[in-house]
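Here is what each chain is made of, one letter per residue.
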Amino acid sequence: MNMLEELRQYYNEVGISSLDFRCKHHEECKAGAEKFTKAKAALVGKEYQSRKLPRLLFISLDSGSGDELAEPRTACEVQKQYEQSNPLGGGKNKHWYRTHELAYEILKTFGSNMTIDSVKGYFAHTNSAKCCMNKPGRRKADRKLFTNCKEYIPDEVRILKPDIIITQGNEAKYSITGVFPILELENFISIEKWKPSYYREVTAISISDVPVLWIRTYHPGCYGLFNKHTRARVGDYSQISHEFHRNF
């Protein structure tokens, strides 16, 4: 079954479909948020399912801004809007540019012709808070949204079948913490080479009996820490990813 159809069925089953939204947490989450918009589906790049390259999944925070209309928030429309957009046009210090930059650095070791422009479509991206409070300046949603949405993330991740997960920020990290079995990292990468700096940031987990590399990063919106830690280490994350999936 097509991944977009699987997502559509799952969202409908648990009540977070944009077209048939009946989430049990709705009233609690929207309380006090005048511009609250309902759930938005994950972005699945057109090449993500092909598995020409490892499936790279980003789990981020809330969307920052959401559409009042339901149709634009469906998986098919999210993908369509993305394909028609210029994701690098917002500026180098924007979340979306830095996400593409990180995707490029990770995936270029698996595709020799990869560029930051052509990486578009080769990854998936989802939010750890499905709805949006539409706060001024795209400020982060209240904690209650992330807490209430935690139950929806694991099965969404299982449907997306990633080979590599990058969580952006603490709420994204907490959305899958303790959910999936942890594997022995030394079975996949050189612990002696990488453990001193990266042991707390890199984990091997099992999703549906498939080994998955999980990299925890700062959110690009946290400029200082993101630039100091995540961007400074992206070359190493790339090498670790290649070592983990050396037989891809």
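Preceding this section is the structure that the text describes.
Below is a summary of the structure that appears in this document. (Residues numbered from 1 in each chain as written. Predicted model: local features only at pLDDT ≥ 70, side-chain atom pairs only at ≥ 80, totals over all residues. Heavy atoms only, no water.)

## Focus: the overall build of the protein chain
A count of helical and extended segments in the protein chain gives 9 helices and 7 strands. For the protein chain, the C-alpha radius of gyration of 17 Å lies close to 18 Å, the compact-globule estimate for 248 residues. Taking the principal axes of the C-alpha coordinates as reference, the protein chain spans close to 50 × 40 × 30 Å. Sorting the 248 residues of the protein chain into buried and exposed places 53% on the buried side. Total accessible area on the protein chain stands at roughly 12,100 Å², and carbon and sulfur atoms take up 46% of it. Taking the 37 positively charged and 30 negatively charged side chains of the protein chain as two groups, their mean positions are separated by 4 Å. (Helix = DSSP H or I, 4+ residues; strand = E, 2+ residues; numbered from the N terminus. Rg over C-alpha atoms; globule rule 2.2 N^0.38 Å. Buried < 20%, exposed > 50% of the residue type's maximum accessible area, 1.4 Å probe, protein only. Areas by Shrake-Rupley, 256 points an atom, 1.4 Å probe, with all protein chains shown as cover. Lys, Arg positive; Asp, Glu negative; His and termini not counted. Charge placed at Lys NZ, Arg CZ, Asp CG, Glu CD.)

## Concerning the pattern of salt bridges
A full pass over the atoms with the stated rule returns 16 salt bridges. Where arginine 231 meets glutamate 101, a salt bridge forms, and the shortest distance between an N and an O atom there is 3.1 Å. Placement of the pair is arginine 231 in helix 9 (residues 223–244) and glutamate 101 in helix 4 (residues 95–107), with a sequence separation of 130 residues. Put simply, Arg98, Glu101 and Arg231 are held in one network by salt bridges that share partners. (Salt bridge = Lys/Arg side-chain N within 4 Å of Asp/Glu carboxyl O.)

## A word on unusual backbone geometry
The backbone of asparagine 134 shows a phi angle near 50°, a positive value even though the residue is not glycine. With respect to the helices and strands, the residue asparagine 134 is situated in the loop between strand 3 (123–127) and helix 5 (143–149). By relative accessible area, asparagine 134 is classed as buried at 17%. Even without glycine at this site, aspartate 209 takes up a positive phi of about 65°. Assignment of secondary structure puts aspartate 209 in the loop between strand 6 (202–207) and strand 7 (210–217).

## Examining the pairing of strand 4 (residues 164–168)
Of all 5 residues in strand 4, 5 are buried, a share of seventy percent or more. A two-sided burial pattern is seen for strand 4, the buried positions comprising Ile164, Ile166 and Gln168 on one face and Ile165 and Thr167 on the other. With 4 bridges joining them, strand 2 (residues 56–60) and strand 4 adopt parallel strand pairing. Among the inter-strand pairings, isoleucine 59 is bridged to a residue of strand 4, identified as threonine 167. (Pairing = 2+ DSSP bridges.)

## What about helix 4?
End to end, helix 4 covers 18 Å across 13 residues, agreeing with the expected 18 Å (1.5 Å per residue, within 8%). In terms of burial, helix 4 is a largely internal element, 10 of the 13 residues being buried. Within the sequence span of helix 4, burial applies to Tyr97, Arg98, Thr99, His100, Glu101, Leu102, Ala103, Glu105, Ile106 and Leu107. Looking at the packing, one finds that the buried side of helix 4 touches strand 2, helix 3 (75–83), strand 3, strand 4, strand 7 and helix 9. (Expected span 1.5 Å × (residues − 1). Contact = heavy atoms within 4.5 Å.)

## Remarks on the pairing of strand 6
Within a regular strand, the side chains alternate between the two sheet faces. A large share of strand 6 lies buried, amounting to 6 of its 6 residues. Along strand 6, one buried face is formed by Val202, Ala204 and Ser206 and the opposite face, lined by Thr203, Ile205 and Ile207, is buried too. Where strand 5 (residues 182–183) and strand 6 come together, 2 bridges link them in antiparallel fashion. Looking across to strand 6, one finds that leucine 183 is bridged to alanine 204. With 6 bridges joining them, strand 6 and strand 7 adopt antiparallel strand pairing. Within strand 7, the residue paired with threonine 203 across the bridge is tryptophan 214. The antiparallel pairing of strand 6 with strand 7 creates a hairpin that spans 2 residues between the two strands, and serine 208 there sits at a positive phi of about 55°.

## Examining helix 1 (residues 3–14)
Compared with the 16 Å implied by 1.5 Å per residue over 12 residues, the 17 Å span of helix 1 between its first and last C-alpha is a close match. Among all positions in helix 1, only Met3, Leu4, Leu7, Tyr10 and Tyr11 are buried. Take helix 1 and look down its axis: the buried residues cluster within an arc of 125°, on one side only. Where helix 1 is buried, its residues touch strand 1 (43–44), helix 3 and helix 6 (153–160). Of the residues flanking the start of helix 1, the one acting as N-cap is asparagine 2, its side-chain oxygen 2.7 Å from the backbone nitrogen of leucine 4. Once helix 1 ends, the next one or two residues include glycine 15, with phi positive near 90°. (Arc of directions from axis to C-beta. Polar contact = N/O pair within 3.5 Å; in protein donor to acceptor, adjacent residues only side chain to side chain.)

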